[in-house]
Amino acid sequence: MHVMFTDDEIKEAFDTFDNDSNGFISAEEIRTIMDGMGEYVTDEEIDEMVRMLDLEGKGQVAFTEFYRMATGQTLGPTGAALPPSPEMISNDSFSSKSW
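Residues numbered from 1 in each chain as written. Predicted model: local features only at pLDDT ≥ 70, side-chain atom pairs only at ≥ 80, totals over all residues. Heavy atoms only, no water.

**Thoughts on the overall build of the chain**
Then, number 1: Each helix and strand in the chain was counted, giving six helices and two strands.
Then, number 2: Along the chain direction, N to C, the helices and strands of the chain fall in the order α-β-α-α-β-α-α-α.
Then, number 3: Expressed as a percentage of the 99 residues in the chain, the buried residues total 23%.
Then, number 4: Partitioning the contacts of the chain with sequence separation of at least 6, the portion at a separation of at least 24 is 41%.
Then, number 5: Element-wise, carbon and sulfur atoms account for 57% of the exposed surface of the chain, whose accessible area totals about 7200 Å². (Helix = DSSP H or I, 4+ residues; strand = E, 2+ residues; numbered from the N terminus. Buried < 20%, exposed > 50% of the residue type's maximum accessible area, 1.4 Å probe, protein only. Contact = heavy atoms within 4.5 Å. Areas by Shrake-Rupley, 256 points an atom, 1.4 Å probe, with all protein chains shown as cover.)

This is the structure:
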């Protein structure tokens, strides 16, 4: 069942995450909310959350990106792979794996 949110509810949720009211949600702000909810997530999981939504490539989530997610708009075809993070590309163990 797909739950639809009103624009006001989406804005309220965004503002809850955007602690410094700068119009963006950072990884640190996601960490604060997740910790407050008692949810344990790794830094890598939070970075992945940001990468999945951050269409502008700024390392944080803008309201328009959050809105797309909250309204069920896809960010890419189902099953499409996301590009690797810069950390993954620069990780020596990643490039030295024998496939």
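Once the structure has been displayed, the description carries forward.
**Things to note about the packing of helix H1 (residues 7-17) against helix H4 (residues 63-70)**
Then, number 1: Two elements in contact, H1 and H4, have axes whose closest approach is 10 Å; the angle formed by their N-to-C orientations is 125 degrees. Regarding the angle of H1 to H4, the classification is oblique. The chirality of how H1 crosses H4 is right-handed. The residues of H4 that touch H1, namely those facing Asp 7, Ile 10, Lys 11, Ala 13, Phe 14 and Phe 17, are Phe 63, Phe 66, Tyr 67 and Ala 70.
Then, number 2: Here the contact of H1 with H4 is built from residues that sort into eight nonpolar, no polar and two charged. (Axes fitted to C-alpha atoms, helices over the stretch in contact; angles between N-to-C directions. Parallel < 35°, antiparallel > 145°, perpendicular 65-115°, else oblique. Left-handed = near helix turned anticlockwise from the far one by under 90°. Nonpolar A, V, L, I, M, F, W, Y, C, P; charged D, E, K, R; others polar.)

**Section: a negative patch on the surface**
Then, number 1: A surface patch of like charges, here negative, comprises Asp 7, Asp 8, Glu 9 and Glu 12.
Then, number 2: Residue position: Glu 12 is located in helix H1. (Patch = residues over 30% accessible without salt bridge, like charges linked within 9 Å, V, L, I, M, F, W, Y side chains within 5 Å. Salt bridge = Lys/Arg side-chain N within 4 Å of Asp/Glu carboxyl O. Lys, Arg positive; Asp, Glu negative; His and termini not counted. Charge placed at Lys NZ, Arg CZ, Asp CG, Glu CD.)

**A few points about the layout of surface pockets**
Then, number 1: Each pocket or cavity is described by its volume, and for the second largest pocket that value is around 200 Å³.
Then, number 2: Considering the residues around the second largest pocket, the lining is formed by Phe 17, Ile 25, Ile 30, Met 34, Met 49, Leu 53, Val 61, Phe 66 and Met 69.
Then, number 3: Elements represented by at least two residues in the lining of the second largest pocket include exactly helix H2 (27-36), helix H3 (43-53) and H4.
Then, number 4: Here the lining of the second largest pocket is composed, by residue class, of nine nonpolar, no polar and no charged. (1 Å grid on protein atoms, 1.4 Å probe; cavity = no way out; pocket = protein on both sides within 12 Å on 5 of 7 lines; lining within 4 Å. Points joined across faces, edges and corners; volume = space filled by probe spheres on them.)

**Thoughts on the packing of aromatic side chains**
Then, number 1: Following the criterion strictly, the structure yields four aromatic pairs and no others.
Then, number 2: Relative to Phe 66, the ring of Phe 17 lies with its centre 6.3 Å away and its plane at 55 degrees, an arrangement referred to as tilted. A residue pair is termed long-range when its members are at least 10 positions apart, and Phe 17 in helix H1 and Phe 66 in helix H4 qualify at 49 residues.
Then, number 3: Seen in terms of ring centroids, Phe 63 and Tyr 67 are 5.9 Å apart; in terms of plane orientation they differ by 50 degrees. Their pairing is tilted. Taken as a pair, Phe 63 and Tyr 67 lie in helix H4 at a separation of four residues, close to a single helical turn.
Then, number 4: On the basis of relative accessibility, which here comes to 26%, the residue Phe 63 falls in the partly exposed class. (Phe/Tyr/Trp six-rings, centres within 6.5 Å; stacked < 30°, edge-to-face > 60°.)

Distances and angles like these do not, on their own, reveal function.
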